[in-house]
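Here is how the chains run, residue by residue.
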Amino acid sequence: MDDRRKSTEPEIDPEFTALPLRDLADAALAQAKALGAQHADFRAERLRGQHIGLSDGTPQTLFDADDAGLAVRVIVDGTWGFASTVDLTTDAAAQAARQAVEVAKVAAVMNTEPIELAPEPGYGDVTWVSAYQIDPFTVSVADKVALLAEWSTTLLRHDAVSHVDASLQQVRECKFYADGATTATQQRVRLSAAVTAVAVTDDGRFDTMRTLAPPAGRGYEYLTGTGWDFDAELAELPELLAAKLMAPSVQAGRYDLVIGPSNLWLTIHESIGHATELDRALGYEAAYAGTSFATPDKLGSLKYGSSVMHVTGDRTAEHGLATIGYDDEGVAGQSWDLISGGVLTGFQLDRRMAQHCGFGRSNGCAFSDGPDHIPLQRMANVSLRPAPGGPSTDDLISRVEDGIYILGDKSWSIDMQRYNFQFTGQRFFKIKGGKLAGQLRDVAYQATTTDFWGSMEAVGGPQTYVLGGAFNCGKGQPGQVAPVSHGCPAALLRGIRILNTVEEGQ
């Protein structure tokens, strides 16, 4: 058994492990081998999802999903084949294998690039469970609604708050993978809670402010005091919203910026995370959100940012949304450098891309969002590393004479090569003489990827580091969504172009 699973972690959903998973895999793999497949792998999955939404403390949305199925992927004469079914029987598993082989044979006439996979050691029979304490699906809906209603009522008591939207999204993902060398049984739990306060004045002014709590690979304990301090954040939200409503509009120009992790994670996602996906950089992913300026010929030479920039890809970060024990190709989770000293030094890989470009081994970036989809190369937890012993956020702010401190993500735009972009945020504070001097409105920052990261003068220490992220990173045709986290410290950037979003008509 895999000794990476701590004994204190919850057990995998017994309804999932009660399924004849090994018999299903044996039937599928034996059938694929008998039909001449050079490679075959099997997945069985059960995905439980729940979304709860309240408006002004009143339940508006309750959505439950519970999906299960199996999938077989093969390589026959250098061509992919794939099939899936919701029928969890050995006959259906064998039939899926036959269909996958037939798909590969039909597709072979159009295939101009034989598929080869980078080697990966076999791990035998392994089990892995993500780091959480309380499975949110063991908590009643009534208790969850009561918590969201309590948060909403607390905000609505304040004169500045006109309306409140509160939501809770939860997923429990169970997977069984087998390829003849590795048999992996895994469970991941993740959740995301958000509260948005809305202010509407008698004279027609309007604004919103959302909590900064990131989604996390954690359980229900995240909401109740041992994870994020929601009570403290909600207590300060009304006054922050009231001040934002009265704040002056920003003067467009160039400013020094101190950007908090609650905003910077999204810039990392769009300008680094997607740009260092190797399939995108090679042009295989041009149809959904474009390619990448960071092409393989620039590996080891592209000056992505300043010398303080160290970015890793990581499938092992505790509570990361993209953290796994083994990916959907049986590759063990690992961590590696993408950018070191400001220079592009790595890419995100699955087994096909790793072999195709001579990288030797995949770094575990294959993922499928359900049994009816083939695994794609998907994003790891891509994170900007803090400086050991580095400065606090207040220290970074003290270095700025005239600038802006930015918190929270909102809207964004980036071109099809992940190069020209602009981002807004939730909260903006003017910095004057090294101190915060009230809020601003209507702020967006604009740059090219290399200019932006090249302007980064300093990153904060580990005490400023937060793991942000999202449930819904999109990719592929048919489209798939994947959860991913991006950690980062606070960062100081010099001379970034600031737009006034009202003047720009946004």
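Structure: see above.
The rules behind these values
- Residues numbered from 1 in each chain as written.
- Predicted model: local features only at pLDDT ≥ 70, side-chain atom pairs only at ≥ 80, totals over all residues.
- Heavy atoms only, no water.
- Helix = DSSP H or I, 4+ residues; strand = E, 2+ residues; numbered from the N terminus.
- Rg over C-alpha atoms; globule rule 2.2 N^0.38 Å.
- Buried < 20%, exposed > 50% of the residue type's maximum accessible area, 1.4 Å probe, protein only.
- Contact = heavy atoms within 4.5 Å.
- Areas by Shrake-Rupley, 256 points an atom, 1.4 Å probe, with all protein chains shown as cover.
- Pairing = 2+ DSSP bridges.
- Salt bridge = Lys/Arg side-chain N within 4 Å of Asp/Glu carboxyl O.
- Phe/Tyr/Trp six-rings, centres within 6.5 Å; stacked < 30°, edge-to-face > 60°.
- Expected span 1.5 Å × (residues − 1).
- Core = buried A, V, L, I, M, F, W, Y, C linked by side-chain atoms within 4.5 Å.
- Axes fitted to C-alpha atoms, helices over the stretch in contact; angles between N-to-C directions.
- Parallel < 35°, antiparallel > 145°, perpendicular 65-115°, else oblique.
- Left-handed = near helix turned anticlockwise from the far one by under 90°.
- Nonpolar A, V, L, I, M, F, W, Y, C, P; charged D, E, K, R; others polar.

**Student:** Explanation requested: the overall build of the protein chain in the structure shown.
**Tutor:** Within the protein chain, the secondary structure is distributed over 10 helices and 24 strands. For 506 residues, the compact-globule estimate of 2.2 N^0.38 gives 23 Å, and the protein chain sits close to it at 24 Å. With respect to the three principal axes, the spread of C-alpha positions in the protein chain is 70 × 55 × 40 Å. Taken across its 506 residues, the protein chain has 59% of its residues classed as buried. In the protein chain, of all internal contacts separated by at least 6 residues, the share reaching a separation of at least 24 is 75%. With the model as given, the accessible surface of the protein chain reaches about 19700 Å², and the carbon-plus-sulfur share is 51%.

**Student:** Would you mind going over the pairing of strand E19 (residues 435–440) with me for this structure?
**Tutor:** Bridge count between strand E18 (residues 427–432) and E19: 4 bridges; the pairing is antiparallel. Note that in E19 the partner of lysine 432 across the bridge is lysine 435. Here E18 folds back onto E19, and the loop between the two strands holds 2 residues, one of which, glycine 433, carries a positive phi near 60°.

**Student:** Whenever I open this one, the pattern of salt bridges confuses me. Can you help?
**Tutor:** A side chain with one charge can pair with a side chain of the opposite charge if their charged atoms come near. Applying the stated criterion across every chain, the model contains 29 salt bridges. In this structure, the salt-bridge partner of aspartate 13 is arginine 172, at a minimum N-O distance of 3.4 Å. Here the residue aspartate 13 occupies a position in the segment before helix H1 (14–17), and arginine 172 occupies one in strand E5 (residues 163–178), the gap between them amounting to 159 residues. Among the ionic pairs, arginine 73 bridges to glutamate 329, the shortest N-O distance being 3.1 Å.

**Student:** What should I look at first to understand the packing of aromatic side chains in this one?
**Tutor:** What characterises a pair of aromatic rings is the spacing of the ring centres plus the angle enclosed by the ring planes. For the structure shown, the criterion picks out 13 aromatic pairs. A ring pair is formed by phenylalanine 42 and phenylalanine 176, whose centres lie 6.3 Å apart and whose planes are at 70°; its orientation type is edge-to-face. Residue phenylalanine 42 is located in strand E1 (residues 39–55), and its partner phenylalanine 176 is located in strand E5; the two are separated by 134 residues in the primary sequence. Judged by its relative accessible area of 0%, phenylalanine 42 falls in the buried class. Taking the centre distance of 5.4 Å and the plane angle of 75° together, the rings of phenylalanine 421 and phenylalanine 452 count as edge-to-face. Taken together, the positions of phenylalanine 421 in strand E17 (residues 420–423) and phenylalanine 452 in helix H10 (residues 449–454) put the pair 31 residues apart, joining distant regions of the chain.

**Student:** Would you take a moment to explain helix H4 (residues 141–156) for this structure?
**Tutor:** Every α-helix carries 3.6 residues per turn, so stepping three or four residues along brings you back to the same face. Under the 1.5 Å per step criterion, the end-to-end length of H4 is 22 Å for 16 residues, consistent within 8% with the ideal 22 Å. Next to the buried residues of H4 lie E1, strand E2 (58–76), E5, strand E6 (182–200) and helix H5 (230–246).

**Student:** For this particular structure, what's the right way to read the nonpolar core?
**Tutor:** A general feature of soluble globular proteins is that nonpolar side chains tend to end up buried together. Formed by 55 residues in total, the largest nonpolar core has its most connected members in Tyr304, Leu384, Ile404, Tyr445, Phe452 and Trp453. Per element, the largest residue contribution to this core is 5 residues, and it comes from helix H6 (residues 261–273). Counting residues in hydrophobic clusters, the runner-up holds 42 residues, among them Trp151, Leu155, Met209 and Ala213.

**Student:** Looking at this structure, I do not really get the packing of helix H2 (residues 21–34) against helix H3 (residues 90–107). What am I missing?
**Tutor:** Geometrically, a packed helix pair is captured by the angle between its two axes and the distance between the axes. Packing of H2 against H3 brings their axes to within 8 Å, and their N-to-C directions diverge by 30°. As summarised for this structure, H2 and H3 are arranged roughly parallel, according to the angle between their axes. Taken as a pair, H2 and H3 cross one another with a handedness that is right-handed. On H3, the residues touching Asp23, Leu24, Ala27, Ala28, Gln31 and Ala32 of H2 are Thr90, Ala93, Ala94, Ala97 and Arg98. Residue classes in the contact of H2 with H3 are distributed as 7 nonpolar, 2 polar and 2 charged.

**Student:** Please clarify how the sheet that holds strand E14 (residues 381–384) should be interpreted in this entry.
**Tutor:** Where strands meet in a sheet, backbone hydrogen bonds hold them as pairs that are either parallel or antiparallel. An order of E11-E10-E9-E14 is seen for the 4 strands of this open sheet, with the pairing classed as antiparallel. Edge positions in the sheet fall to strand E11 (343–344) and E14, since each of these pairs with one other strand and no more. For strand E10 (residues 335–340) and E11, the ladder comprises 2 bridges, and the chain directions are antiparallel. Residue serine 340 lies in a different strand from E11, and its bridge partner there is valine 343. Against the sheet, H6 engages strand E9 (311–314), E10 and E14, with an angle of about 115° to E14.

**Student:** Looking at this model, I keep getting lost on unusual backbone geometry. Mind explaining?
**Tutor:** Residue proline 478 is bonded to the preceding glutamine 477 through a cis peptide linkage, with omega at -5°. For proline 478, the location among the structural elements is in the loop between strand E22 (466–475) and strand E23 (480–488). Even without a glycine there, the phi angle at aspartate 77 is positive, about 50°. Structurally, the position occupied by aspartate 77 is in the loop between E2 and strand E3 (79–85).

**Student:** I keep staring at the pairing of E6 and nothing clicks. Help me out?
**Tutor:** Along any regular strand the residues' side chains alternate between the sheet's two faces. The element E6 is extensively covered by neighbouring structure, given that 17 of its 19 residues are classed as buried. By the bridge criterion, 6 bridges tie strand E4 (residues 124–129) to E6 in an arrangement that is parallel. Pairing of glycine 124 across the sheet is with threonine 182, part of E6. Note that E5 and E6 share 16 bridges and pair antiparallel. Residue pairing in the sheet places cysteine 174 in a bridge with glutamine 187 of E6. Linking E5 to E6, which pair antiparallel, is a turn of 3 residues; within it glycine 180 sits at a positive phi near 100°. Between the end of E6 and the start of strand E7 (residues 206–210), which pair antiparallel, lie 5 residues, with glycine 204 showing a positive phi angle near 95°.

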